[in-house]
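As a plain string of letters, each chain reads:
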There are 2 protein chains.
Amino acid sequence: MPRTITVAAAQSGPVNRRTSRAEVVERLITEMRQARSAGCDLIVYTECALTAFFAHWSIDDERELDRWFEREMPGPDTQPLFEEAARLGIGFSLGYAELATVGGRTRRFNTSILVGPDGRIVGKHRKIHLPGHAEHRPHNPFQNLEKRYFDVGDLGFQTWDAFGGTLGMSICNDRRWPESYRVLGLLGAEMILIGYNTPDNIPEYPELDRLVGFHHELCMQAGANQNAAWVVAVGKAGVEEGVSQIGLTSIIAPSGEIVAQSTTLGDELVIHTCDLDESTRYRGFLNLEQNRRPEFYGLITQQVGQRD
Amino acid sequence: MPRTITVAAAQSGPVNRRTSRAEVVERLITEMRQARSAGCDLIVYTECALTAFFAHWSIDDERELDRWFEREMPGPDTQPLFEEAARLGIGFSLGYAELATVGGRTRRFNTSILVGPDGRIVGKHRKIHLPGHAEHRPHNPFQNLEKRYFDVGDLGFQTWDAFGGTLGMSICNDRRWPESYRVLGLLGAEMILIGYNTPDNIPEYPELDRLVGFHHELCMQAGANQNAAWVVAVGKAGVEEGVSQIGLTSIIAPSGEIVAQSTTLGDELVIHTCDLDESTRYRGFLNLEQNRRPEFYGLITQQVGQRD
């Protein structure tokens, strides 16, 4: 029996900062119905899909900051999305800002959940690699205050048996680090779901602007291929609150080839039927068990930064 | 003062199995003179540059096997190369099969050395990731018997201060593994030298033939970019003893861009002036110290193969 997952990568156009969660969820439900009509088993939404990406501006008031976070999932505004998924029998992955209490302390995570076709949460990833900076940088046209607003994810990398395969998740900057894919690959991931909010320009490194799309694709193509996994990468696109973000929502095969990609900067479904046995075939070719030499990789966990 | 290394990546056309070391060394010296005339500081030769790539056929007699290996470096046949380098004041990197005695035991390594412009050996890498198989596979049109003929390199990954920068080496299949680049990157490598013998077809995975060039480039571009290093990759090219090998000798910038590449399948110098400060700039952008999360990478050293 073929093991396939037909996936809709649901690229999101900009979300206005004054748009309510309920309005966004309506948009997501529209896409979910389209995906189901197209025969999809799974729809993947982007990072922090319910709101504008608030890390792009400075928020000093903690109570104001908290308004961008979800205290429960599903909550009143997101419940309809879970109900529609269960009604349609389609799974989904959703990124959102999560306000959690861990060990009696309030923590803020950049989170994604995986939800089965019965509308129940199967797995949760909390973003591990937080980019940007912790201090307001008024000289920049926009901020990237993830290091201030979020705590480093405390769940590590995980995989879940779902949709007939083994799935893992990463969020945005996690995809830049080969270690993310490798740990997920070692855990058996056959498909990795990634949401992202990636500006098409880098205020402090303008000479890299022309390479933003190239680097976005390069890290994911290598990560997919070197771990024999499908990668489904879903972006926020277009100009949101003055920040121009890449589209390039992509589905990447275990060969490292981009097999489907968005062509707009708005809401757009990128659909592909992913054969998980292709992952199995590449696994056989890579043969990590026979070929890796962890006895020489020690520095990867023993040292954080580059030696000068 | 700009920190630049002008490198010649000395792609090698086929070497006949009956060609003597002395004849090959003459070819290498010709290229070395060309490189020096072009203002190069360093010429990089390929993997097992002194002979045909004998792992492509079956050799049962140990004494016959040993004839493909060097017992000393420099030895009588290679001494002229070292002398010419010192005379010209140019450094070089050379791959060769090394017969060594380690702890009283005879060991066979797939080795590269880095030689300074004074003709003295600065560093040595012994290939860590041996591809292929240990048993003769008569059904295949050619063999890849590296797992039989070579021992796993026992020196780990290292870097050396040379040519005004920090240089590391990898050999052929080492380049397929993101761990190789990462360990070298953590050691501060600003330039990674790689020789390879890569057939353009894969007997047991013919469906991957069309992707050989793509995968060759993908792993190196990602490795360069994710570790802010220059990569200089030098191939054996053309049909050697019935085995058709890729050219695609490449110089890759820390941006991940291929900045120079061979256009033939024969002896060809690919020359580029590499600015090591470009590595420094990318290092600042990556900021491994601030952004890596080794506490979540444990599986990379704790587990060898993929979990089913």
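Treat the numbers as computed from the prediction; the structure is a model and nothing was measured.

Calculation rules
- Numbering of residues begins from 1 in every chain and follows the order in which that chain's sequence is written.
- For this description, chains carry letters from A and ligands carry numbers from 1, given in the order in which they are written.
- A pLDDT threshold of at least 70 governs which residues receive local features in this predicted model, and a stricter bar of 80 or more applies before side-chain atom pairs are shown or counted, although totals over entire chains, interfaces and linings include all residues.
- The basis for the side-chain values is all heavy atoms of the structure; hydrogens and waters are excluded.
- Secondary structure elements follow DSSP: runs of H or I no shorter than four residues count as helices, runs of E no shorter than two count as strands, and numbering proceeds from the N terminus.
- Throughout, radius of gyration means the C-alpha value; the globule benchmark is 2.2 Å times the number of residues raised to the power 0.38.
- For every residue, the accessible area obtained with a 1.4 Å probe (protein chains only) is divided by the maximum for its type, and the residue is called buried under 20%, exposed over 50%, and partly exposed between those limits.
- Only heavy atoms enter the contact rule, under which two residues are in contact if any of them lie within 4.5 Å.
- The Shrake-Rupley method, run with a 1.4 Å probe, gives the accessible areas here. Residue values count only the displayed protein chains as cover.
- In this tally, Lys and Arg are treated as positive and Asp and Glu as negative; His is ignored, and so are the chain termini.
- Working definition for charges: the position is that of NZ of Lys, CZ of Arg, CG of Asp or CD of Glu.
- Criterion for a salt bridge: a side-chain nitrogen of Lys or Arg within 4 Å of a carboxyl oxygen of Asp or Glu.
- At least two DSSP bridges between two strands are needed for those strands to be called paired.
- Lines are fitted to the C-alpha atoms to define the axes, a helix being fitted only along its stretch in contact, and any angle between axes, read from their N-to-C directions, falls within 0 to 180 degrees.
- The term disulfide is used for any two cysteine sulfur atoms that are within 2.5 Å.
- What sets the superposition is a least-squares fit of C-alpha atoms, and only residues with pLDDT of at least 70 in both copies go into it.
- Aromatic rings from Phe, Tyr and Trp, with only the six-membered ring used for Trp, were paired whenever their centres fell within 6.5 Å, and each pair was classed as stacked if the ring planes differed by under 30 degrees, edge-to-face if by over 60, and tilted otherwise.
- Lysine NZ or arginine CZ positioned within 6 Å of the ring centre and within 35 degrees of the ring normal marks a charge as sitting over the ring.
- Roughly parallel refers to an angle under 35 degrees, roughly antiparallel to one over 145, roughly perpendicular to one between 65 and 115, and oblique to any angle outside these ranges.
- Take the far helix as the reference: if the near one is turned anticlockwise from it by less than a right angle, the crossing is left-handed, and if turned clockwise, right-handed.
- We call Asp, Glu, Lys and Arg charged. Ala, Val, Leu, Ile, Met, Phe, Trp, Tyr, Cys and Pro are nonpolar, and the rest, Gly among them, are polar.

1. Regarding the overall build of chain A
No. 1: When you go through chain A residue by residue, the secondary structure sums to nine helices and 14 strands.
No. 2: Against the globule reference of 19 Å for 308 residues, chain A gives a C-alpha radius of gyration of 19 Å, in line with a compact fold.
No. 3: When its C-alpha atoms are laid out on the principal axes, chain A stretches across 55 × 55 × 45 Å.
No. 4: Across the 308 residues of chain A, 62% fall into the buried class.
No. 5: The contacts of chain A with a sequence gap of at least 6 include a subset with a gap of at least 24, amounting to 70%.
No. 6: Accessible surface for chain A amounts to roughly 11100 Å². Of this, 47% is attributable to carbon and sulfur atoms.
No. 7: Here chain A carries 31 positive and 41 negative side-chain charges, and the mean point of each set is 3 Å from the other.

2. Focus: the pattern of salt bridges
All names here are of chain A.
No. 1: With the rule as written, the count across this model stands at 48 salt bridges over all chains.
No. 2: A salt bridge links R3 to D277; the shortest N-O distance between them is 3.1 Å. In this pair, R3 sits in the segment before strand 1 (4-11) while D277 sits in helix 7 (residues 276-286), placing the two residues 274 residues apart along the sequence.
No. 3: You can call D277 partly exposed: its relative accessible area is 25%.
No. 4: Overlapping salt bridges bring together E98, K124, R126 and D154 as one network.

3. Some points on the sheet that holds strand 2 (residues 42-44) of chain B
Residues and elements named next belong to chain B.
No. 1: Read from one edge of the open sheet, six strands run 5-4-3-2-1-14, paired in mixed fashion. Two strands close off the open sheet at either side, each with one partner strand: strand 5 (121-126) and strand 14 (268-275). Strand-to-strand twist across the sheet, computed as the mean angle between neighbouring axes with direction ignored, equals 35°.
No. 2: Where strand 1 (residues 4-11) lies against strand 14, eight bridges are found, and the strand directions are antiparallel. Residue pairing for strand 14: Q11 is matched across the bridge by E268.
No. 3: Across the sheet, helix 1 (residues 21-37) touches strand 1, strand 2, strand 3 (91-102) and strand 14, and the angle it forms with strand 14 is around 40°.
No. 4: Relative to strand 3, helix 3 (residues 79-88) is tilted by about 145°, and along the sheet it contacts strand 3, strand 4 (105-115) and strand 5.

4. So, the environment of A97(B)
All names here are of chain B.
No. 1: By the element assignment, A97 lies in strand 3.
No. 2: Classification of A97 as buried rests on a relative accessible area of 3%.
No. 3: In this structure A97 touches C48, F54, W68, F69, E70, F109 and F150, once residues within four positions along its chain are discounted.

5. Remarks on the state of the cysteines
No. 1: Scanning all chains against the criterion turns up zero disulfides over all chains.
No. 2: Left unpaired, C40(B) is separated from the closest cysteine sulfur, that of C274(B), by 9.6 Å.

6. So, the relation of the copies chain B and chain A
No. 1: With an RMSD of 0.0 Å, the operation that places chain B on chain A is a rotation of 180° combined with a shift of 0.0 Å along the axis. One copy is carried onto the other by what is essentially a two-fold rotation axis.
No. 2: Here 100% of the contact residues of chain B are again contact residues in chain A; the copies associate through an equivalent surface.

7. Some thoughts on the packing of aromatic side chains
No. 1: One pass over the full model with this rule turns up 18 aromatic pairs over all chains.
No. 2: Lying across the ring of W57(A), R17(A) places its NZ or CZ 3.9 Å from the centre.
No. 3: Over the ring of F69(B) we find R108(B), and its NZ or CZ is 5.9 Å from the ring centre.

8. Things to note about the packing of helix 5 (residues 178-186) of chain A against helix 5 (residues 178-186) of chain B
No. 1: Across the interface, helix 5 of chain A lies against helix 5 of chain B with an axial gap of 11 Å and an inter-helix angle of 140°. Judged by the inter-axis angle, helix 5 of chain A sits oblique to helix 5 of chain B. For helix 5 of chain A against helix 5 of chain B, the interelement crossing comes out left-handed. Of helix 5 of chain B, the residues touching helix 5 of chain A (which contributes P178(A), E179(A) and R182(A)) are P178(B), E179(B) and R182(B).
No. 2: For the contact of helix 5 of chain A with helix 5 of chain B, the per-class residue count stands at two nonpolar, no polar and four charged.

9. As for the sheet that holds strand 13 (residues 258-261) of chain A
Pairing between the strands of a sheet is mediated by backbone hydrogen bonds and can be parallel or antiparallel.
All names here are of chain A.
No. 1: In spatial order, the strands read 6-7-8-9-12-13; together these six strands make up an open sheet with mixed pairing. A single partner strand is all that each edge strand has here, and the edge strands are strand 6 (159-162) and strand 13. Sheet twist, expressed as the mean angle between neighbouring strand axes with direction ignored, is 20°.
No. 2: Across six bridges, strand 8 (residues 191-196) lies against strand 9 (residues 230-235) in parallel orientation. Bridging across to strand 9, I194 finds its partner in A233.
No. 3: Taken strand by strand, helix 6 (residues 212-227) contacts strand 8, strand 9, strand 12 (250-252) and strand 13, and its axis lies near 30° from that of strand 12.

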